[in-house]
Amino acid sequence: PVITSNLGSMKEIAGSQGIVVDPTSVDEISQAMLTLVENDELRKQSIDLATERILQFTWENAIQELDKIIDLIR
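Residues numbered from 1 in each chain as written. Predicted model: local features only at pLDDT ≥ 70, side-chain atom pairs only at ≥ 80, totals over all residues. Heavy atoms only, no water.

Let's talk about the overall build of the chain
Then, in step 1: Summing up its helical and strand segments, the chain has four helices and two strands in all.
Then, in step 2: The secondary structure elements of the chain, listed N-terminal to C-terminal, are β-α-β-α-α-α.
Then, in step 3: Against the 2.2 N^0.38 benchmark of 11 Å for 74 residues, the chain shows a C-alpha radius of gyration of 16 Å, more extended than a compact globule.
Then, in step 4: Expressed along its principal axes, the backbone C-alpha trace of the chain runs to roughly 50 × 25 × 15 Å.
Then, in step 5: Out of the 74 residues belonging to the chain, those deemed buried represent 16%.
Then, in step 6: Considering only contacts within the chain whose residues lie at least 6 apart along the sequence, 35% involve residues at least 24 apart.
Then, in step 7: As displayed, the chain has an accessible area near 5800 Å², and 61% of this comes from carbon and sulfur atoms.
Then, in step 8: Of the side-chain charges in the chain, 6 are positive and 13 negative, and the distance between the mean point of each set is 6 Å. (Helix = DSSP H or I, 4+ residues; strand = E, 2+ residues; numbered from the N terminus. Rg over C-alpha atoms; globule rule 2.2 N^0.38 Å. Buried < 20%, exposed > 50% of the residue type's maximum accessible area, 1.4 Å probe, protein only. Contact = heavy atoms within 4.5 Å. Areas by Shrake-Rupley, 256 points an atom, 1.4 Å probe, with all protein chains shown as cover. Lys, Arg positive; Asp, Glu negative; His and termini not counted. Charge placed at Lys NZ, Arg CZ, Asp CG, Glu CD.)

Following this line, the structure appears as structure tokens:
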């Protein structure tokens, strides 16, 4: 399962697969951790969704996106 910051690009990277928290809030971080520990179904779902999400971040996909950007500036 993924617990990540609501600052910067982390929430976009995690997408809907992560639990987004204020990184300065101990209460939010601890509540997210507790929720994942206590809720087996949510934890399993979070793991499955994060596994799917990570497959989008491959070198091949990065190269394709970079090629698109290069084509735009040519």
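Overview of the confidence of the model for the chain
Then, in step 1: The pLDDT averaged across the chain works out to 91; a share of 100% of its residues lies at or above 70.
Then, in step 2: Within the chain, the lowest mean pLDDT, 84, falls on helix H1 (residues 10-14), and the highest, 96, falls on helix H2 (residues 26-38). (pLDDT = per-residue confidence, 0-100.)

Brief notes about the packing of H2 against helix H3 (residues 40-54)
For any two helices packed against each other, the geometry comes down to the angle between their axes and how far apart the axes lie.
Then, in step 1: Packing of H2 against H3 leaves a shortest axis separation of 5 Å and a crossing angle of 100°. With respect to their mutual orientation, H2 and H3 come out roughly perpendicular. Two secondary-structure elements touch here, H2 through Thr35, Leu36, Val37 and Glu38 and H3 through Asp40, Leu42, Arg43 and Ser46.
Then, in step 2: For the contact of H2 with H3, the residue count by class is three nonpolar, two polar and three charged. (Axes fitted to C-alpha atoms, helices over the stretch in contact; angles between N-to-C directions. Parallel < 35°, antiparallel > 145°, perpendicular 65-115°, else oblique. Nonpolar A, V, L, I, M, F, W, Y, C, P; charged D, E, K, R; others polar.)

Let's talk about the environment of Val20
Then, in step 1: With respect to the helices, strands and loops of the structure, Val20 is situated in strand E2 (residues 18-21).
Then, in step 2: When the C-alpha atoms of Val20 and Asp67 are compared, they prove to be 31 Å apart, with 47 residues separating the residues in sequence.
Then, in step 3: Here Val20 is in contact with Thr4, Ser5, Asn6 and Lys11, once residues within four sequence places are set aside.

Details of the side chain of Arg53
Then, in step 1: Looking at the element boundaries, Arg53 is found in helix H3.
Then, in step 2: Buried within the structure, Arg53 lacks any salt-bridge partner; its nearest side chain of opposite charge belongs to Glu12, at an N-O separation of 8.4 Å.
Then, in step 3: Among the polar contacts listed, one links the side chain of Arg53 to the backbone oxygen of Glu12, at a separation of 2.8 Å.
Then, in step 4: In contact with Arg53, other than residues within four places in its own chain, are Glu12, Ile13, Ala14, Gly15 and Gln17. (Salt bridge = Lys/Arg side-chain N within 4 Å of Asp/Glu carboxyl O. Polar contact = N/O pair within 3.5 Å; in protein donor to acceptor, adjacent residues only side chain to side chain.)

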